[in-house]
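# Report on the structure
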Amino acid sequence: MGEISLKLNGKLETKDVADNTLLIDFIREHVGLTGTHVGCDTSQCGACVIHLDGVSVKACTMLAKQAEGSEIVTIEGLADGDELHPMQQAFHENHGLQCGFCTPGMVMSAVEMVTKNKNISEDEIRKGLEGNICRCTGYHNIVQSVKAGAAKMGG
Amino acid sequence: MNEVTKIDGIGSSVRRTEDKKFLTGKGRYTDDINRPGQVQAYFLRSDVAHAEIKSIDTKAAQSAPGVVGVFTGSDIAADKVGGPICGWVVPCRDGSSTKEPPHPLLAQGKVRFVGDAVAVVVAETMEQAKSAAELIDVDYNELTPVVDFVNAEKGTQIHEEVPNNCYFDWELGDESATNKAIESAAKVVKLSVRNNRLVPNAMEPRSALAEYDSLDESYTLYTTSQNPHLTRLVLAAFMFAIPESKLRVIAPDVGGGFGSKIYVYIEEAVCVWASKKIGRPVKWTADRTQAFLTDCHGRDHVNDVQLALDEKNKIIGLRVDTVCNLGAYLSAFSVVVPTILHGTLLSGQYDIPAIYTNVKGMATNTVNVDAYRGAGRPEATYLLERTMETAAKEVGMDPAEFRRINFIPKDAFPYQTQVALQYDIGDYEPHLDKAMEMIDYSNFEKRRAEAAKRGMYRGIGMSSYIEACGLAPSAVVGALGGRVGQWESASVRVNPTGTISVFTGSHSHGQGHATTFAQIVADKLGIPMENVEVIHGDTDKTPFGMGSYGSRSLASGGSAISKAVDKIINKSKKIAAHLLEASEDDIDFKDGKFVVGGTDKEKAFSEIALAAYVPHNYPLETLEPGLEENAFYDPTNFVFPSGTHIAEVEIDPATGVVEVVDWAACDDFGNLVNPMIVEGQVHGGIAQGIGQALLEDAHYDENGQLLTASYMDYCMPRADDLPSFKVGYTNTPCTHNDLGVKGCGEAGAIASPPALINAVIDALSPLGVTDMSMPATSQKVWKAIQESQSVAAE
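This one's a predicted model, so the numbers in the text were calculated from it and none came from an experiment.

## Concerning the overall build of chain B
Secondary structure assignment for chain B yields 20 helices and 28 strands. In terms of overall size, chain B behaves like a compact globule, its C-alpha atoms giving a radius of gyration of 28 Å where 794 residues would be expected to give roughly 28 Å. The C-alpha extent of chain B, read off along each of the three principal axes, is 95 × 75 × 55 Å. Residues counted as buried form 59% of the 794 residues belonging to chain B. Partitioning the intrachain contacts of chain B with sequence separation of at least 6 by distance along the chain shows that 81% fall at a separation of at least 24.

## Considerations on the overall build of chain A
The helix and strand inventory of chain A stands at five helices and five strands. From first element to last, N terminus to C terminus, chain A shows the α and β order β-β-α-β-β-β-α-α-α-α. Relative to the compact-globule value of 15 Å for 155 residues, chain A shows a C-alpha radius of gyration of 15 Å, a close match. Across its three principal directions, the C-alpha atoms of chain A cover 45 × 30 × 25 Å. In chain A, buried positions account for 56% of the 155 residues. Here the contacts in chain A between residues at least 6 apart in sequence split such that 62% fall between residues at least 24 apart.

## A word on the pairing of strand 3 (residues 67–72) of chain B
Residue and element names in this part refer to chain B. Summarising burial for strand 3: five of the six residues are buried, a large majority. Here strand 3 pairs with strand 5 (residues 117–123) via five bridges, running antiparallel. Counterpart to Thr72 in the pairing with strand 5 is Ala119.

## As for the domain arrangement of chain A
Residue and element names in this part refer to chain A. Taken domain by domain, chain A holds domain 1 (2–77) and domain 2 (86–152). Taken together, the contact between domain 1 and domain 2 spans 15 residues of the former and eleven residues of the latter. Listed by contribution, the elements that provide at least two residues to the side of domain 1 that touches domain 2 are strand 3 (49–52) and strand 4 (55–58). Ranked by the residues each element gives to the side of domain 1 that touches domain 2, the list is headed by strand 3, at three residues.

## Let's talk about the nonpolar core
Residues and elements named next belong to chain B. In this structure, Ala41, Val120, Val121, Val521 and Val760 are the most contacted members of the largest nonpolar core, which totals 306 residues. Here the element with the most residues in this core is helix 19 (residues 747–764); it accounts for twelve residues. When neighbours within four sequence positions are excluded, Val120 is seen to be in contact with Ala41, Phe43, Phe71, Leu106, Val270 and Ala274.

## A closer look at the environment of Glu134 of chain B
Residue and element names in this part refer to chain B. Here Glu134 lies in the loop between helix 4 (126–133) and strand 6 (137–142). Look at Glu134 and you get exposed, because 12 C-beta atoms sit within 10 Å. Linking Glu134 and Ala61, residues 73 residues apart in sequence, is a C-alpha distance of 7.7 Å.

## Concerning the interface of chain A and chain B
Many structure descriptions define interface size as the accessible area lost when the parts assemble. Chain A puts 44 residues into the contact, and the matching count from chain B is 41 residues. Looking at the side of chain A that touches chain B, its residues break down into 20 nonpolar, 17 polar and seven charged.

## Topic: the sheet that holds strand 4 of chain A
Residue and element names in this part refer to chain A. The five strands lie next to each other as 2-1-5-3-4, forming an open sheet whose pairing is mixed. Whereas interior strands pair on both sides, the edge strands pair on one side only; in this sheet they are strand 2 (11–17) and strand 4. Averaged over all neighbouring strand pairs, the angle between strand axes comes to 40°, with direction disregarded. When strand 1 (residues 2–8) meets strand 5 (residues 71–73), the two strands line up parallel, connected through two bridges. Note that in strand 5 the partner of Leu8 across the bridge is Ile72. Helix 1 (residues 23–31) contacts strand 1 and strand 2 of the sheet and is inclined by roughly 95° relative to strand 2. Each of strand 3 and strand 4 touches helix 3 (residues 103–116); the most contacted strand, strand 3, lies at about 40° to it.

## Here's the deal with the confidence of the model for chain B
Residues and elements named next belong to chain B. The predicted model of chain B has a mean per-residue pLDDT of 96, with 99% of residues at 70 or higher. Note on residues 1–6: pLDDT is under 50 here. Beyond four places in sequence and across chains, it has eleven contacts. Per the prediction output, this complex has pTM 0.97; the corresponding ipTM is 0.98.

## A few points about the domain arrangement of chain B
All names here are of chain B. When its domains are assigned, chain B resolves into domain 1 (19–27 + 487–633), domain 2 (38–143 + 201–294), domain 3 (147–197 + 297–408) and domain 4 (421–467 + 641–794). One C-alpha centre belongs to domain 1, the other to domain 4; they are set 41 Å apart. Every contact between the two is made by 13 residues of domain 1 and, on the other side, 14 residues of domain 4. Of all elements in the fold, only helix 15 (513–525) and helix 16 (553–579) reach the threshold of two or more residues within the side of domain 1 that touches domain 4. Ranked by the residues each element gives to the side of domain 1 that touches domain 4, the list is headed by helix 16, at five residues. In terms of residue class, the side of domain 1 that touches domain 4 is built from three nonpolar, nine polar and one charged.

## Section: the sheet that holds strand 23 (residues 593–596) of chain B
Residues and elements named next belong to chain B. Reading across the sheet, the three strands line up as 22-23-24 and stay open at both edges, with antiparallel pairing between neighbours. The two strands at the open ends of the sheet, each matched to only one other strand, are strand 22 (587–590) and strand 24 (602–604). On average, each strand axis in the sheet is inclined to that of its neighbour by 20°, with strand direction left out of account. The pairing of strand 22 with strand 23 spans four bridges and is antiparallel. Considered in strand 23, the bridge of Ile587 is made with Val596.

## A closer look at the packing of helix 10 (residues 377–395) of chain B against helix 11 (residues 399–406) of chain B
Two packed helices can be described by the angle between their axes and the distance between those axes. Residue and element names in this part refer to chain B. Where helix 10 meets helix 11, the closest approach of the two axes is 9 Å, and the angle between their N-to-C directions is 110°. As the angle between them shows, helix 10 and helix 11 are arranged roughly perpendicular. Residue-level contacts link Met388, Glu389, Ala391 and Ala392 of helix 10 to Pro399, Phe402 and Arg403 of helix 11. A breakdown of the residues in the contact of helix 10 with helix 11 according to their chemical character gives five nonpolar, no polar and two charged.

## Things to note about helix 3 of chain A
Here helix 3 of chain A is 14 residues long and its end C-alpha atoms lie 20 Å apart, about the 20 Å a rise of 1.5 Å per residue gives. With eleven of 14 residues buried, helix 3 of chain A lies mostly within the body of the structure. Close packing links the buried residues of helix 3 of chain A with strand 3, strand 4, helix 2 (86–93), helix 4 (122–128) and helix 5 (140–152) of chain A together with helix 1 (19–23) of chain B.

## Observations concerning the packing of helix 18 (residues 675–695) of chain B against helix 19 of chain B
Residues and elements named next belong to chain B. Between helix 18 and helix 19, whose axes approach to 7 Å, the crossing angle comes to 40°. By the angle class used here, helix 18 and helix 19 are oblique. Pair helix 18 / helix 19 crosses with right-handed handedness. The residues of helix 19 that touch helix 18, namely those facing Val682, His683, Gly684, Gly685, Ile686, Gln688, Gly689, Ile690, Gln692, Ala693 and Leu694, are Ala747, Gly748, Ala749, Ala751, Ser752, Pro753, Leu756 and Ile757.

## What about helix 5 of chain A?
Relative to the 18 Å expected for 13 residues at 1.5 Å per residue, helix 5 of chain A spans 19 Å between its end C-alpha atoms, a close match to the ideal helical length. Taking burial as the measure, the 13 residues of helix 5 of chain A include ten buried ones, the bulk of the element. The complete set of buried residues in helix 5 of chain A reads His140, Asn141, Ile142, Val143, Gln144, Ser145, Val146, Ala148, Gly149 and Ala150 of chain A. Residues of helix 5 of chain A that are buried in the fold lie against helix 2, helix 3 and helix 4 of chain A together with helix 18 of chain B. Looking one or two residues beyond helix 5 of chain A, the residue adopting positive phi is Gly154 of chain A, at roughly 100°.

## Remarks on the environment of Glu217 of chain B
Residues and elements named next belong to chain B. Along the chain, Glu217 turns up in the loop between strand 9 (207–213) and strand 10 (218–223). The exposure class of Glu217 is exposed, given the 11 C-beta atoms found within 10 Å. Taking the C-alpha atoms as reference points, Glu217 and Ile242, 25 residues apart in sequence, are found 9.9 Å from one another.

## Structural notes on the pairing of strand 3 of chain A
Residues and elements named next belong to chain A. In terms of strand pairing, strand 3 meets strand 4 through four bridges, oriented antiparallel. The residue of strand 4 that forms the bridge with Leu52 is Val55. Linking strand 3 back to strand 4 in an antiparallel pair, the connection comprises two residues, with Asp53 at a positive phi of about 50°.

## Description of unusual backbone geometry
Residue and element names in this part refer to chain B. The peptide bond linking Ala472 to Pro473 adopts the cis configuration, its omega dihedral lying at -10°. Residue placement: Pro473 occurs in the loop between strand 18 (457–466) and helix 14 (474–479). A positive phi angle is found at Asp300, which is not glycine, with a value near 70°. Tracing the backbone through its elements, the reader meets Asp300 in strand 13 (residues 298–309). Looking at Asp300, the number of C-beta atoms within 10 Å reads 24, which means it is buried. Backbone geometry places Ala375, a non-glycine residue, at a positive phi of 45°.

Definitions and cut-offs
- Residues numbered from 1 in each chain as written.
- Chains lettered and ligands numbered in written order.
- Predicted model: local features only at pLDDT ≥ 70, side-chain atom pairs only at ≥ 80, totals over all residues.
- Helix = DSSP H or I, 4+ residues; strand = E, 2+ residues; numbered from the N terminus.
- Rg over C-alpha atoms; globule rule 2.2 N^0.38 Å.
- Buried ≥ 20, exposed ≤ 12 C-beta atoms within 10 Å, placed from the backbone.
- Contact = placed C-beta atoms within 7 Å.
- Pairing = 2+ DSSP bridges.
- Domains from an automatic or database assignment.
- Core = buried A, V, L, I, M, F, W, Y, C linked by C-beta atoms within 7 Å.
- Nonpolar A, V, L, I, M, F, W, Y, C, P; charged D, E, K, R; others polar.
- Axes fitted to C-alpha atoms, helices over the stretch in contact; angles between N-to-C directions.
- pLDDT = per-residue confidence, 0-100.
- Parallel < 35°, antiparallel > 145°, perpendicular 65-115°, else oblique.
- Expected span 1.5 Å × (residues − 1).
- Left-handed = near helix turned anticlockwise from the far one by under 90°.

Okay, structure coming up:
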């Protein structure tokens, strides 16, 4: 056991957790933010993607301990109060989600991708989402959403 | 409340009202829910496919840190808890019925597949439960596993009750007429196809959280279900013998289903049982490997097809002999999928005077096989549309023209097929024409030639499918062996201010019912959509309902809502007549207002609602106060969506990679309530079909070990595997429901595999390739190219 402190959606969280606690379990179980999901156990599906110091990371694939002192943003921290982030709004307008389970990871991946590449092409979006699996949408509307989100974000 | 004239009603692509919670991380899935005092369940699963259990020693596990209980099959047997049941059986050719072996919640005496649950450990944390499970010692006497279902008859018998490992041997159609047609045919086209085994892979793994309340001796179960009322019925009536009122089942937000969350699995039942035994809430959530091992799989057929043609290339007969793999135990709808939902679809869009099919359902030491998006209909469509394409090529006709001359003509509806179904309506040439136009079919050869210059093989393939969805009516379902009704329920409650609460028996796990159903109500009542709330997924709130599967929600559930709203309007007219001092017959209802015909006297819907709940001026002698109506709707027939999908591919001979370069889907779903949502359903269905055709394959080795039990090994379609899709529609409204709607959820998965495989074969046809099995992986395609080139070199 050991104490871990990190900033989660702008709020300092200090918890005493076992050394082998995964970051995803720290977020979901110890802090109680359940918007970030677990869809696999091999780091493939991307339902658990969060931002760690501005970089998109699969929270199932690192220890909470490794995130000590970092700044984490999860899907719950993306909107500005009641106002959706432009990427969230784009997913809504373009029907980029169905069951919603992969959505938090998709949106977090998309935001980072577009932040790094404002003029992102369809091909780059498809390749960029390679680490996020969706079973509902066939990706068509997710790609449209990311394109629209990029435009809203100033692409 | 606002009364507005412009509403986002039927036919509008209204943005989904459920989106915001999902986009902000506020969705509430089963694993997100925690109860005070909760403990975790972990299932110890068999690591061998077929064995007798000689002994189980749980002593060390019982005293491991954090453990609050360890249970095995003998504990379940001692409490006389039943197992999952089969919801549909069919008669066999020899006059016997389907063989239904018992399926205990935890293995009793024998394990029958890798993943079969042997014991459950309940502990304070999941980690403690897992560690304790490792201390359980199971001594197995291993038996030869049966994996090859085609030859399962000769294998070791898996169940005492199932001789020759054959659950059923079923037939449909006129065998003698069909054989005569084949004997007298100008040409018989023969084809053997395999429908590969798939794993549904909803992104949310299955999960259950059960809590027992000792004060009123009742249970609450949160679970990942597509149909919470059926779950409650099976658990209460068949497993625990308790009144339904003592069990509340809540299916909160559910992250996809695709069929895999229809059934009651052993895990949720064990959680319910253990919650009372231990006296604390018990939670279980599958990891992905458990999902691969224990979720029901789909498809897994081999089909031998004979298509008889006359000298004018008209079809005169079709015979299909099918063997299918149903796995270790019969799941709820295992039996109906390859029989009723498969055999009855064999006429497709074609006028076929004689059809016969025989289906053998086999037991193997693999996990159960049941419904997966399309359920039987993709298998029927695949064999038929592969055969149609093959036949067209063999007789030297364009595949589109060959289909066209065999289509059921539009003036032949209602059309009685030779395999039990009567299609109420359809018109097939328009969607064929439109799909061809969308993909620029007429200029395809130019594109093929251009690709050839680049060293690429380009091909085009189509599939004209029919789907039967919204199973009904219940009497027919019963006559065909179904043990459930197939109606749907709705309760529409008008609140005093005129807002509406709609309680539906359907369940949304991605389909957007909160939006679509609200559109129907808003449209019919002429009120703003935001005044309509849709409630589903809780047996304490909604009327008994059948849930969502088989593309039934709109046709059955939407129609039930429509009928309940009609009752609301009828009662409202009576109230309005009283308030307006007019005869009920003179009241017209339009745009949310009740008007005395030919006058300017009117009452808004909200005024009627208020009068119903504050009945100071109200016909209490003849009319009850309040404004709430129920409807149970049992459709008079299936609905029959149809369409044509055309795929265009390019194959790189250096790698064998098949790139889907274009896709045109033109579907007839009848009237569309929300075209945006429908289009999303089509996209998702096509993606799953492309996955089946190119990437996905659940593979067991000869020992019954599932080699594809993770996303590292089972190839899910990803964003860069798929193209964008062109989607179009034709419309022949359904004749027997008020909304004129059909179903759209499964169409893409039904239509797409044969279109894509036909395109792959067409691309390789210059090399002499005439067949290709699913999935057409790059390795398989590359080998086919190499082999054809070496044949050419000889």
